[in-house]
Number of protein chains: 2
Amino acid sequence: MSNKVLVFGHKNPDTDSITSSIVMANLENQLGNEAQAVRTGKINKETEYVFQYLGIEKPELIEDVEDGQEVILVDHNEATQCVNNIANAHIQKVVDHHTMNFVAPYQLYYRAEPVGCTATVLYKMYRENDVEINKTIATLMLSAIISDTLLFKSPTCTPEDQKVAEKLAKIADVNVEEYGKNLLKAGTDISEFTPAEVINIDSKLFEKDGKKFKIAQINTADLDDVFKKQSYFEAAINDEIKQENLDLYVFAATDILNSNSKVISLGNQANVIEKAYGQPLDHNTALLEGVVSRKKQILPKILENLD
Amino acid sequence: MSNKVLVFGHKNPDTDSITSSIVMANLENQLGNEAQAVRTGKINKETEYVFQYLGIEKPELIEDVEDGQEVILVDHNEATQCVNNIANAHIQKVVDHHTMNFVAPYQLYYRAEPVGCTATVLYKMYRENDVEINKTIATLMLSAIISDTLLFKSPTCTPEDQKVAEKLAKIADVNVEEYGKNLLKAGTDISEFTPAEVINIDSKLFEKDGKKFKIAQINTADLDDVFKKQSYFEAAINDEIKQENLDLYVFAATDILNSNSKVISLGNQANVIEKAYGQPLDHNTALLEGVVSRKKQILPKILENLD
């Protein structure tokens, strides 16, 4: 067990989960609480771009936490998306920006805000505590905001995210448009992944009324290129449905240039897509115009329309 | 339905719930969010002392909220302790200092800290937003901290509560010891209440694994005087157990001078007190030495030891 408090994001970490772990650990250390950022899964290509740009090391990978471990959660609050054995750890703090499903039989620091990115909340916490934001920390936060808001184009983006991003860009000394496009483009490279890996680049597990479902999302600049491998993705998805006893698996490829998503929907609840968007599935797929946000445009519609 | 966002605390409101509603509504108004403090229950004698001292009006009483009403919760997060129909309202924010059991299918502002009083969190929010704390607001916050920490003697009191109280005392221009003793003493006056009212001055409903139980607490400077009416309290408690189908009702009278609590424990789980504290019940009562905090010293022990 680590003597330091371990800071980490959700499983299948995206850029916000990884960078916010580092940023939060830095804030805690500056405030005198010994903390270490760790990660709960493989780093994606987009996040890798950030590490290469900054020339810094990735956080250590952990598979689970030991009983009694002190931890801080960033960018998630639901146990289903958290590291194994979280129920036996002690959660000191949560900093997040998602919907809530959280139980703790003890008091803790919980900070969530209805913004597009955990980094936006962390920026305010640095300011409130008068802790300096250096160039590296600013670049990490800026990368998270660009990633979560698809360069401010997602409906999840709030005026506050944009304002904070502008301030961070000055400290980070980067051209947001140029850096942002390179960052998002880096994340669309799936050439080195197996189909099973692609569907898990950024997948999240949800539960409602005993029904278990996953929504996976990848970004792409070329939908046709992604869907050349549709049959391979379907095989991988069906495997996972079987192994994890899922009722539904929605895999969304989001076109970051045209702001649409094409989804594959499988499982006994696959028709939820038709109910939610009025579009019948065509060979298990549907093109959802204007849909880019899992949180705002996919998850709520699925929750509403599950049988 | 009110166009303003309604700010309120838990049912059977204590001083922190009432004053924090007013303080939070004031903060929101200063920040441009039209807000109104309301209360969800009768004001207790202690809180009445604060209103008389300041010469200000009580917030309006509400019984429930209408569908779609915008609300802010202070000093609680669990639906069981909240106003009727909360499930159909829209919770904009929560500011709290309790354990958590909270679900929201949408993003919101959630701020909880492991301190002794909601007012301590609110004080920081004023500071972070550069909003001035006037004498009335300072007195309201100070009263809440004194009440929740029993003038800093409760194990729920943190160094942060004490530090904030000192700062507030300067703005409020009061002698904390003198004002605090008068405030707490005002809260011990139960002469005008029926037994059924006394057990509901500050009672909270909890649930665990389908078991429902209430823990009620009053402050007193004279335990013997309170227990002269034991048989009347027991009748009122047994009525409530029947009507609300409770498994347990623990009524704690807390001696604020000697920092002990004498409890009455009734219901099919009444023996939880013996299991939790190693003290057999004597005529349904037990004297719990050093126990003054429901949150830290009663609730967790009961949760652990329920059958």
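Computed from a predicted model, the values in this text were never measured in an experiment.

### Re the overall build of chain A
Piece 1. Within chain A, the regular secondary structure consists of eleven helices and twelve strands.
Piece 2. Taking 307 residues into account, the globule formula puts the C-alpha radius of gyration at 19 Å, and chain A, at 19 Å, falls close to it.
Piece 3. Seen through its C-alpha atoms, chain A measures out along the principal axes to roughly 55 × 45 × 35 Å.
Piece 4. Per-residue burial over chain A gives 60% buried out of 307 residues.
Piece 5. Restricting the contact set of chain A to residue pairs at least 6 apart, pairs at least 24 apart contribute 62%.
Piece 6. Looking at chain A as shown, the accessible area adds up to about 12900 Å², and 44% of this sits on carbon and sulfur atoms.
Piece 7. Side-chain charges in chain A split into 31 positive and 47 negative, and the spacing between the mean points of these groups amounts to 3 Å.

### Examining helix α5 (residues 159–172) of chain A
Residues and elements named next belong to chain A.
Piece 1. Counted at 1.5 Å a residue, the expected span for α5 with its 14 residues is 20 Å, and the 20 Å between its end C-alpha atoms agrees.
Piece 2. All of the buried residues in α5 are Asp161, Val164, Ala165, Leu168, Ala169 and Ala172. The arc that holds the buried residues of α5, viewed along the axis, is 145°, so those residues lie on one side. Seen from the open side of α5, the exposed residues pointing more than 90 degrees away from its buried face are Pro159 and Lys170.
Piece 3. Looking at the buried side of α5, the elements it contacts are α3 (118–128), α4 (135–148) and α6 (176–186).
Piece 4. Taken from the residues just after α5, Asp173 is the one with a positive phi, measuring 60°.

### Notes on the pattern of salt bridges
Here the idea is simple: oppositely charged side chains can pair when their charged atoms come close.
Piece 1. Taken as a whole, this structure holds 27 salt bridges over all chains when the rule is applied.
Piece 2. For Lys58 of chain B, the salt bridge is made with Glu48 of chain B, and the minimal N-O distance between the two is 3.8 Å. Taken as a pair, Lys58 of chain B in the loop between α2 (45–54) and β3 (60–61) and Glu48 of chain B in helix α2 lie far apart in primary sequence, ten residues in all.
Piece 3. Judged by relative accessible area, which is 26%, Glu48 of chain B ranks as partly exposed.
Piece 4. If you follow the salt bridges from partner to partner, you end up with Arg111, Glu113, Lys124, Glu128 and Glu160 of chain A in one network.

### Overview of the domain arrangement of chain A
All names here are of chain A.
Piece 1. The domains assigned to chain A are domain 1 (5–186) and domain 2 (195–305).
Piece 2. The straight-line distance from the C-alpha centre of domain 1 to that of domain 2 is 25 Å.
Piece 3. Contacts between domain 1 and domain 2 engage 19 residues on the former and 18 residues on the latter.
Piece 4. For the pair domain 1 and domain 2, the two sides together bury roughly 1500 Å², of which 55% comes from carbon and sulfur.
Piece 5. Linking domain 1 to domain 2 there are four residue pairs in polar contact (both at pLDDT 80 or more).
Piece 6. Considering only residue class, the side of domain 1 that touches domain 2 consists of five nonpolar, nine polar and five charged.

### Digging into the pairing of strand β9 (residues 211–220) of chain A
All names here are of chain A.
Piece 1. Among the ten residues that make up β9, eight are buried, leaving the element largely enclosed by the rest of the structure.
Piece 2. Pairing between strand β8 (residues 203–208) and β9: six bridges, direction antiparallel. Bridge pairing in β9 places Lys204 opposite Ile215.
Piece 3. Relative to strand β10 (residues 248–255), β9 is paired through eight bridges, and the arrangement is parallel. In the sheet register, Phe213 faces β10, and the bridge partner there is Leu248.

### Some thoughts on the nonpolar core
Piece 1. Core analysis: the largest hydrophobic core is formed by 52 residues, its most contacted members being Met24, Met141, Leu142 and Leu168 of chain B.
Piece 2. Of the residues forming this core, the biggest block, eight residues, is contributed by helix α4 (residues 135–149) of chain B.
Piece 3. Once you skip the residues sitting within four places of it in the chain, Met141 of chain B turns out to touch Val23, Ala119, Tyr123, Tyr126, Ile133 and Leu168 of chain B.
Piece 4. Grouped together as the second largest cluster of nonpolar side chains are 51 residues, Val74, Leu150, Val176 and Tyr179 of chain A included.

### Side note on the state of the cysteines
Piece 1. Per the stated rule, a full pass over the model turns up zero disulfides over all chains.
Piece 2. Here Cys157 of chain A is not disulfide-linked; the sulfur of Cys117 of chain A is the nearest cysteine sulfur, at 9.4 Å.
Piece 3. Between Cys82 of chain B, a cysteine without a disulfide, and Cys117 of chain B, which holds the nearest cysteine sulfur, the sulfur-to-sulfur distance is 18 Å.
Piece 4. Overall, the relative accessible area of 2% leaves Cys82 of chain B in the buried class.

### Overview of the sheet that holds strand β9 (residues 211–220) of chain B
Residues and elements named next belong to chain B.
Piece 1. Pairing within the open sheet is mixed, and its five strands lie in the order β8-β9-β10-β11-β12. Either end of the sheet is taken by a strand with one partner, and the two such strands are β8 (203–208) and β12 (285–288). Each strand of the sheet is rotated relative to its neighbour by a mean of 20°, with strand direction disregarded.
Piece 2. The sheet contacts of helix α11 (residues 294–305) involve β8, β9 and β10 (248–255), and relative to β9 the element is tilted by about 155°.

### Considerations on the packing of aromatic side chains
Piece 1. Considering all chains together, one arrives at eleven aromatic pairs over all chains under this definition.
Piece 2. Plain terms: the ring middles of Tyr110 of chain A and Tyr110 of chain B are 5.2 Å apart, the flat faces sit at 65° to each other, and that makes the pair edge-to-face. Here the residue Tyr110 of chain A occupies a position in strand β7 (residues 109–112), and Tyr110 of chain B occupies one in strand β7 (residues 109–112), the pair thus bridging two chains.
Piece 3. The exposure class assigned to Tyr110 of chain B is buried, which follows from its relative accessible area of 0%.
Piece 4. Among the aromatic residues, those joined into a cluster by ring pairs are Phe102 and Tyr110 of chain A together with Phe102 and Tyr110 of chain B.

Conventions used here
- Residues numbered from 1 in each chain as written.
- Chains lettered and ligands numbered in written order.
- Predicted model: local features only at pLDDT ≥ 70, side-chain atom pairs only at ≥ 80, totals over all residues.
- Heavy atoms only, no water.
- Helix = DSSP H or I, 4+ residues; strand = E, 2+ residues; numbered from the N terminus.
- Rg over C-alpha atoms; globule rule 2.2 N^0.38 Å.
- Buried < 20%, exposed > 50% of the residue type's maximum accessible area, 1.4 Å probe, protein only.
- Contact = heavy atoms within 4.5 Å.
- Areas by Shrake-Rupley, 256 points an atom, 1.4 Å probe, with all protein chains shown as cover.
- Lys, Arg positive; Asp, Glu negative; His and termini not counted.
- Charge placed at Lys NZ, Arg CZ, Asp CG, Glu CD.
- Expected span 1.5 Å × (residues − 1).
- Arc of directions from axis to C-beta.
- Salt bridge = Lys/Arg side-chain N within 4 Å of Asp/Glu carboxyl O.
- Domains from an automatic or database assignment.
- Buried area = accessible area lost by both parts, 1.4 Å probe.
- Polar contact = N/O pair within 3.5 Å; in protein donor to acceptor, adjacent residues only side chain to side chain.
- Nonpolar A, V, L, I, M, F, W, Y, C, P; charged D, E, K, R; others polar.
- Pairing = 2+ DSSP bridges.
- Core = buried A, V, L, I, M, F, W, Y, C linked by side-chain atoms within 4.5 Å.
- Disulfide = S-S within 2.5 Å.
- Axes fitted to C-alpha atoms, helices over the stretch in contact; angles between N-to-C directions.
- Phe/Tyr/Trp six-rings, centres within 6.5 Å; stacked < 30°, edge-to-face > 60°.

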